[in-house]
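Below, each chain spelled out in residue letters.
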Amino acid sequence: MKVRFAPSPTGYIHVGNARAALANWLFARQKGGQFLLRLDDTDTERSKPEYARAIEEDLRWLGLDWDEFLRQSDRTARYEAAAEKLKALGRLYPCLESEEELEFKREQRRRQNKPPVYDRAALRMTPEQLAKAEANGKRPYWRFKLSGGEAAWRDMVLGDRRVKLPALSDPVLVRADGTFLYTFTSVVDDLETGITHVIRGEDHVTNTGIQLDIMGALGMGREIRFAHLPLLVDAEGAPLSKRLNSVSLRQFRRDGIEPAALAGYLAALGAPRDPVPAMPADLVAGWSLEGLSRSAARFDPRQMLALNRKYLHGLDFAAVRDRLPPEATEAFWLAVRGNLDTLGEAKDWLDVVEGDILPSEQPEEADFLRAALACLPEEPWNGDTWSRWTAELAGRTGRKGRLLFWPLRRALTGEEHGPDLKALLPLIGRERAVQRLTASAG
C-alpha cells in the first residue's frame, strides 16, 4: 500500500495539513506501506521555493520522513498526455466564456431557482467557431464533462458517501495559459505513482466524487480507497480554517511547542483516548484510522500547551542539554522543568538564578526581610537550606504560610510564582540572596 501527502508550497503548513500528513504517515508505517511527499506546485504564481523548503523542514521537525518525493512541476508531460486522452474521448472540451459571463449565467440560474452550475454551452461550439475565436486572440480553457449519476465509495472514516455529479459544474482542468489544476494533476499522479489510499480533509469530499469520475475516464484499472478526516474547529466550535495562519507549524515552533506535544495532540484528535506527548514513531502502534470520530475535532491550543508542559516536566537533562544555554546545569534543569510551559522559558529562570535582577521593593516588609537576612545560613548550601532557614525565620517572626514565603520569593526571584525555592535557593547562592533581600527591604 502507498499513501501520499500533497501540500501546495503557497504558504506554511498549518495544523490541518499537519494532521493529514501525520495520519498518512502513521497509516503507512502501521501497514508497512510507503509514504510519498508530493509538492503540488502547478500554481506557478503562488508557489514559492521558500515555502517548499519550509514544508520539508516542518515535517522533519514533526518527526515525519518519506520514502519518495516528487514535484508536480516536473511532470507536465504526463499531464499533457492524460489531457490529450480525455480530449480524444470527448470528455475534455474547450470553453471561452469570461468570468464575467459565467457570473452572469450563474445569477440568471439563481433567479430561476436553478442550481448555479455551468450550462455546457461550450459543447455546442463548432470547430470553426473555436478556430475563429482563437484566430482573434482568444485562448480556451478546458472543462471535464462529468458523467451522470453518482460517484459512490465506502469512506474509511465517514462511511458510505455519494456525490451527485449532475448537481456540479463541469470542473476546469486546464487553464487558458495551458497550466493544469489540482483536481486533474492529483488524479494523474495518484494513478501513475501507485497510490492505494488517499487520506485527506473532509472538505475534499466533493473533489473525491469528481476525481473518481476522472479516474474512470482515464481507465483507472484499480481501486483507490479514500478516508476523509473531519475538519478541525477551535475551542468554541467555530471552523478553524478561517484563522489557520495563526496555527501554522512554523509559528508553533517559534512559540516553543515541542514536536512530541503537537504530534501526540494531533494523533488523538477525534480518537477515543486521551492525548499523550510522543513522537510519531512512538504513536504508530496505538493509532487507528478506523477509530476516528465522524464528528468535527476540536483543536484547543490550551490543551496542546498542557501537553507541552507535561512533556517538558518529564524530560531528563540529557534530552534538552543542547537546547539550553551553555550555563545551564542538570541541577538547574531539575529545579525549573516543572514550572515551564515552553523550553524557552528556561532562559528566563537562568537569568533569575545567575543574573542581576532587580527585585520588587517591599518597604512594608522591611523588618521581616532584615530578620531573614540576619538568620540567613552561611554556605555551603544544599537542598535542606531553604527549610532550615525558613523554620528559624518562622520561629523568630511568628509567621507561616503565605506571609512567610511570599515576601521571600518576591525578594529572591522578582516573581510571585515559580520553581520550588528548596531547589532554586542553592543555585542563587548566598551573595545574590543577600543583595536581593537588602534591595527589596529598601
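Keep in mind the model is a prediction, meaning the values are calculated, not measured.

Colleague: What is the right way to read the overall build of the protein chain from this model?
Modeller: Counting secondary structure elements, the protein chain contains 18 helices and 12 strands. Its C-alpha atoms give the protein chain a radius of gyration of 31 Å, clearly above 22 Å, the size a compact globule of 442 residues would have. Each of the three principal axes of the protein chain carries a C-alpha extent, and together these read 105 × 45 × 40 Å. A burial count over the protein chain gives 48% of its 442 residues as buried. Pairs at least 24 apart in sequence give 74% of the contacts found in the protein chain among residues at least 6 apart. Within the structure as shown, the protein chain displays about 21500 Å² of accessible surface, and the carbon and sulfur contribution to it stands at 48%. The protein chain carries 64 positive and 65 negative side-chain charges, and their two centres are separated by 6 Å.

Colleague: Even after reading the chapter, I still don't get the pairing of strand E10 (residues 225-229), so can you show me in this structure?
Modeller: Consecutive residues of a regular strand have side chains that alternate between opposite faces of the sheet. With respect to burial, E10 is a largely interior element, four of its five residues being buried. When strand E9 (residues 197-201) meets E10, the two strands line up parallel, connected through five bridges. Bridging from a neighbouring strand, Val198 pairs with Phe226 of E10.

Colleague: Before we go on, may I ask you to explain the domain arrangement of the protein chain in this structure?
Modeller: By convention, interface size is frequently given as the accessible area that disappears when the constituent parts associate. Looking at the protein chain, the domain boundaries give domain 1 (66-228), domain 2 (319-352) and domain 3 (361-439). Between domain 2 and domain 3, the C-alpha centre-to-centre distance is 22 Å. When residues of domain 2 are sorted by the area they lose upon contact with domain 3, Ala335, Trp349 and Val352 head the list and together hold 70% of the total. Where domain 2 packs against domain 3, one counts one residue pair in polar contact (both at pLDDT 80 or more). Looking at the side of domain 2 that touches domain 3 element by element, the count peaks at four residues for helix H12 (residues 330-336). Here the residues of the side of domain 2 that touches domain 3 are counted per class, giving six nonpolar, one polar and one charged.

Colleague: Honestly, the sheet that holds strand E3 (residues 68-71) in this entry has me stumped. Any pointers?
Modeller: Backbone-to-backbone hydrogen bonds pair the strands of a sheet. The strands run either parallel or antiparallel. The strand order across the open sheet formed by three strands is E1-E2-E3, and the pairing between neighbours is parallel. Since the sheet does not close on itself, it has two edges, and those belong to strand E1 (2-5) and E3, each with one partner. Across the sheet, the mean angle separating the axes of adjacent strands is 25° when strand polarity is ignored. The strands touched by helix H1 (residues 15-31) within the sheet are E1 and strand E2 (34-39), with E1 carrying the most contacts at an inclination of about 165°.

Colleague: So what exactly am I meant to see when it comes to the pattern of salt bridges here?
Modeller: Between side chains of opposite charge, a pair can form as their charged atoms come close. Under the counting rule described, the total for this entry stands at 35 salt bridges. The salt bridge involving Arg162 is made with Glu150; its shortest N-O contact spans 3.5 Å. Residue Arg162 is located in strand E7 (residues 159-164), and its partner Glu150 is located in strand E6 (residues 150-155); the two are separated by 12 residues in the primary sequence. For Arg162, a relative accessible area of 55% translates into the label exposed. Judged by its relative accessible area of 43%, Glu150 is partly exposed. Between Asp351 and Lys347 there is a salt bridge, and its shortest N-O distance comes to 3.6 Å. Here Asp351 pairs with Lys347, and both are found in helix H13 (residues 345-354), just four residues apart, close to one helical turn.

Reading the values: rules and limits
- Residues numbered from 1 in each chain as written.
- Predicted model: local features only at pLDDT ≥ 70, side-chain atom pairs only at ≥ 80, totals over all residues.
- Heavy atoms only, no water.
- Helix = DSSP H or I, 4+ residues; strand = E, 2+ residues; numbered from the N terminus.
- Rg over C-alpha atoms; globule rule 2.2 N^0.38 Å.
- Buried < 20%, exposed > 50% of the residue type's maximum accessible area, 1.4 Å probe, protein only.
- Contact = heavy atoms within 4.5 Å.
- Areas by Shrake-Rupley, 256 points an atom, 1.4 Å probe, with all protein chains shown as cover.
- Lys, Arg positive; Asp, Glu negative; His and termini not counted.
- Charge placed at Lys NZ, Arg CZ, Asp CG, Glu CD.
- Pairing = 2+ DSSP bridges.
- Domains from an automatic or database assignment.
- Buried area = accessible area lost by both parts, 1.4 Å probe.
- Polar contact = N/O pair within 3.5 Å; in protein donor to acceptor, adjacent residues only side chain to side chain.
- Nonpolar A, V, L, I, M, F, W, Y, C, P; charged D, E, K, R; others polar.
- Axes fitted to C-alpha atoms, helices over the stretch in contact; angles between N-to-C directions.
- Salt bridge = Lys/Arg side-chain N within 4 Å of Asp/Glu carboxyl O.

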